[in-house]
Amino acid sequence: MDNTGGPAVVDLAAIRDVIAELESDPKKINPLVPVDVVIDHSVRVDVAKCADALKQNMDLEFSRNKERFSFFKWASSAFNNMLVLPPGSGILHQVNLEYLSRVVFKADGVLYPDSVVGTDSHTTMINSLGVAGWGVGGIEAMAAMLGQPMSMVLPGVVGFKLTGKLQDGVTTTDLALTLTQMLRKHGVVGKFIEFHGEGVGSIPLPARATIANMTPEYGATMGFFPVDQVALDYLRLIGRSDETVSMIEAYLRANNMFVDCNEFTLQILSWTLLRWSLLLPAQRGLMTGFL
């Protein structure tokens, strides 16, 4: 994955050079959708089992990759619609879940449901927060970054009803592996999985994230959890303001996209996907490593 971002940003810089040679404004060349570059795949662990291991490892990384990191630091300020998170910020998918995900966002005074395509198969982890997203290839991501539409046959939706709650001693890993086994047996390659039922309400967000992260393991395109009170509580926990959370809840309720898991039906994801498909195919691009 780390070889995806470097060429993409280099291509943008090269286009700017050409535009400058044509005596036009190179600053016109920018990603047309918000792009987040998370550098995590290149980080190595050379030092361990000591108090300053993180600092030593980061010093080594900046020493090895000084030229590349300097280039990305330049890109973060040179291009509009591009956010670069440097090495040491965290693992891509966790950063996306805790920091980058918007769930609902405002553009030109209009609210939209968030969506994302990422250059990593486990981008689906964001589905745990009610955000439609999955992994794509580097060329597809580059095209989306430049404002080109992504075309696809809208997959079928497979509902997975959850009831009850986990017994004492049963871990999230146990649940995720059991779900994976069941879904593989059913056959869900290329499908959207929608988790629903009263059991969803008893699954904390981190557990949902684990299940959604494993979507490639059971072969689906997306493993979607709805936004409910558990999701709103999580947003507050990671520092989203009460005003933002209230806006998200109000928008989703107004569009029948917020759920009470005791009343949840399969119409939620179908309605979400319908609305989402009417928007830009990729509202946000997430590029791992050197995007």
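The structure we're discussing is the one just above.
Quick look at the structure, then. (Residues numbered from 1 in each chain as written. Predicted model: local features only at pLDDT ≥ 70, side-chain atom pairs only at ≥ 80, totals over all residues. Heavy atoms only, no water.)

Describing the packing of helix α6 (residues 172–186) against helix α7 (residues 205–213)
Then, number 1: Where α6 meets α7, the closest approach of the two axes is 9 Å, and the angle between their N-to-C directions is 35 degrees. Relative to α7, α6 is oriented so that their crossing is right-handed. Residue-level inspection shows T172, L175, A176 and L179 of α6 in contact with α7, the latter providing A207, T210 and I211.
Then, number 2: Residues that form the contact of α6 with α7 fall into these classes: 5 nonpolar, 2 polar and no charged. (Axes fitted to C-alpha atoms, helices over the stretch in contact; angles between N-to-C directions. Helix = DSSP H or I, 4+ residues; strand = E, 2+ residues; numbered from the N terminus. Left-handed = near helix turned anticlockwise from the far one by under 90°. Contact = heavy atoms within 4.5 Å. Nonpolar A, V, L, I, M, F, W, Y, C, P; charged D, E, K, R; others polar.)

Considerations on the pattern of salt bridges
Then, number 1: One pass over the structure, following the stated rule, counts 9 salt bridges.
Then, number 2: Put simply, D59 and K55 hold a salt bridge, and the shortest N to O gap is 2.9 Å. With a gap of 4 residues between them, D59 and K55 both fall in helix α2 (residues 53–64), about one helical turn apart.
Then, number 3: Assessed through its relative accessible area of 41%, D59 is described here as partly exposed.
Then, number 4: Under the relative-accessibility criterion, K55 is labelled exposed at 55%.
Then, number 5: What you see here is one network of salt bridges that share partners, running through R44, D46, E61 and R64. (Salt bridge = Lys/Arg side-chain N within 4 Å of Asp/Glu carboxyl O. Buried < 20%, exposed > 50% of the residue type's maximum accessible area, 1.4 Å probe, protein only.)

Here we look at the pairing of strand β8 (residues 192–196)
Then, number 1: Here β8 lies mainly inside the structure; 5 of its 5 residues are buried.
Then, number 2: On β8, burial covers both faces: F192, E194 and H196 on one face and I193 and F195 on the other are all buried.
Then, number 3: Strand direction decides the pairing type here: strand β7 (residues 157–161) and β8, joined by 5 bridges, are parallel. Bridge pairing links F160 to F195 in β8.
Then, number 4: Note on the crossover from β7 through α6 to β8: the handedness is right-handed. (Pairing = 2+ DSSP bridges. Right-handed = clockwise from strand over helix to strand, strands pointing away.)

Thoughts on the packing of aromatic side chains
Then, number 1: With the rule as written, the count across this model stands at 8 aromatic pairs.
Then, number 2: With 5.6 Å between their ring centres and 65 degrees between their planes, F71 and F72 make a pair best called edge-to-face.
Then, number 3: Residue F71 is classed as partly exposed on the basis of its relative accessible area of 24%.
Then, number 4: Assessed through its relative accessible area of 2%, F72 is described here as buried.
Then, number 5: Taken together through their ring pairs, the aromatic side chains of F71, F72, W74 and F79 make up a single cluster. (Phe/Tyr/Trp six-rings, centres within 6.5 Å; stacked < 30°, edge-to-face > 60°.)

Points about the sheet that holds β7
Hydrogen bonds between backbone atoms are what pair the strands of a sheet, whose relative direction is either parallel or antiparallel.
Then, number 1: The sheet built from 3 strands is open, its strands ordered β7-β8-β9 with parallel pairing. The strands lining the two open edges of the sheet, one partner per strand, are β7 and β9 (222–224). Averaged over neighbouring strand pairs, the angle between their axes works out to 20 degrees when direction is ignored.
Then, number 2: Sheet topology places β8 next to β9; 3 bridges connect them, and they run parallel. Bridge pairing links E194 to F224 in β9.
Then, number 3: Sitting on the sheet, α6 touches β7 and β8, and the angle it makes with β7 is about 140 degrees.

Brief notes about the pairing of strand β4 (residues 110–113)
Then, number 1: Alignment of strand β3 (residues 104–107) against β4, held across 4 bridges, turns out to be antiparallel. Counterpart to F105 in the pairing with β4 is Y112.
Then, number 2: Connecting the antiparallel pair β3 and β4 is a turn made up of 2 residues, with D108 showing a positive phi of about 55 degrees.

Looking at helix α5 (residues 138–145)
Then, number 1: Every buried residue belonging to α5 is among A141, M142, A144 and M145, and all of these are buried. Projected onto a plane normal to the axis of α5, the buried residues spread over an arc of 160 degrees and lie on a single side.
Then, number 2: Looking at the residues trailing α5, positive phi occurs at G147, about 90 degrees. (Arc of directions from axis to C-beta.)

Quick notes on the packing of helix α9 (residues 229–237) against helix α10 (residues 242–254)
Then, number 1: With their axes 9 Å apart at the nearest point, α9 and α10 run at an angle of 155 degrees to one another. Taken together, α9 and α10 sit at an angle that is classed as roughly antiparallel. Judged by the sense of rotation from one axis to the other, the crossing of α9 with α10 is right-handed. Where α9 abuts α10, its residues L232, L235 and R236 lie against D242, V245, I248 and E249. (Parallel < 35°, antiparallel > 145°, perpendicular 65-115°, else oblique.)

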